[in-house]
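What follows is the residue order along each chain.
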Amino acid sequence: QVQLVESGGGLVQAGGSLRLSCAAIGNIGSIDAMGWHRQAPGKQRELVATITNGGTTTYSDSVKGRFTISRDNARNRSYLQMNSLKPEDTAVYYCVGRSLGQSVYTHWGQGTQVTVST
C-alpha cells in the first residue's frame, strides 16, 4: 500500500512561482516512477511531469521549460517547481505513483489546488 500526500498549493499571480511537494508513505519500494497530473474544470486530465527512479524526466508541452520535477529518494519525496505561472495552469494538481511493471499511474494523492490570477 502506498499513500501520497501533496502540499504547497495556493494562490499566486501570473508570472509567479510555486513549489509542490509530495510525500510517499508505505511500500515505496514498489514505486518506479512518480509524476504530477492536473485537472482543471471542463478540461481533460493532463499528466504534466514524470520522473523515474533513475531520474529520467518527461514534461507535457504545455509546461516544458517552466516546470521542473525532481525527487529526493532519501526522503521519499517528489517536487514540482512551477515558474512563470499562467492563469491556464490553474487546476487541482495530483501526485501520482507508478508501480514496478505497470504502465499507468495507479497511486494518487488527494490533490492540491493551484490558482493563478491575472
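1. Some points on unusual backbone geometry
Then, number 1: Although it is not a glycine, Asn 76 sits at a positive phi angle of roughly 55°.
Then, number 2: For Ser 84, which is not glycine, the phi torsion reads 50° and is therefore positive.
Then, number 3: Position of Ser 84 relative to the elements: it lies in the loop between β8 (77-82) and β9 (91-99).

2. Comments concerning the packing of aromatic side chains
Then, number 1: Tallied over the full model, the rule gives one aromatic pair.
Then, number 2: Their ring planes at 65° and their centres at 5.6 Å tell us that Tyr 94 and Trp 108 sit as a pair that is edge-to-face. Of the two residues, Tyr 94 sits in strand β9 while Trp 108 sits in strand β10 (residues 107-108), which places them 14 residues apart along the sequence.
Then, number 3: For Trp 108, a relative accessible area of 33% gives the class partly exposed.

3. Some words on the nonpolar core
Soluble globular proteins tend to pack their nonpolar side chains together in the buried interior.
Then, number 1: Trp 36, Leu 80, Met 82 and Tyr 93 are the most contacted members of the largest nonpolar core, which totals 25 residues.
Then, number 2: Mapped onto this core, the elements with two or more residues apiece are β1 (2-7), β3 (18-26), β4 (31-39), β5 (46-52), β7 (67-72), β8, β9 and β11 (112-117).
Then, number 3: The biggest single contributor to this core is β3, with four residues.
Then, number 4: Discounting chain neighbours no more than four positions away, the residues touching Met 82 are Gly 16, Ser 17, Leu 18, Leu 20, Arg 66, Phe 67, Tyr 93 and Val 114.

Conventions we followed
Residues numbered from 1 in each chain as written. Predicted model: local features only at pLDDT ≥ 70, side-chain atom pairs only at ≥ 80, totals over all residues. Heavy atoms only, no water. Helix = DSSP H or I, 4+ residues; strand = E, 2+ residues; numbered from the N terminus. Phe/Tyr/Trp six-rings, centres within 6.5 Å; stacked < 30°, edge-to-face > 60°. Buried < 20%, exposed > 50% of the residue type's maximum accessible area, 1.4 Å probe, protein only. Core = buried A, V, L, I, M, F, W, Y, C linked by side-chain atoms within 4.5 Å. Contact = heavy atoms within 4.5 Å.

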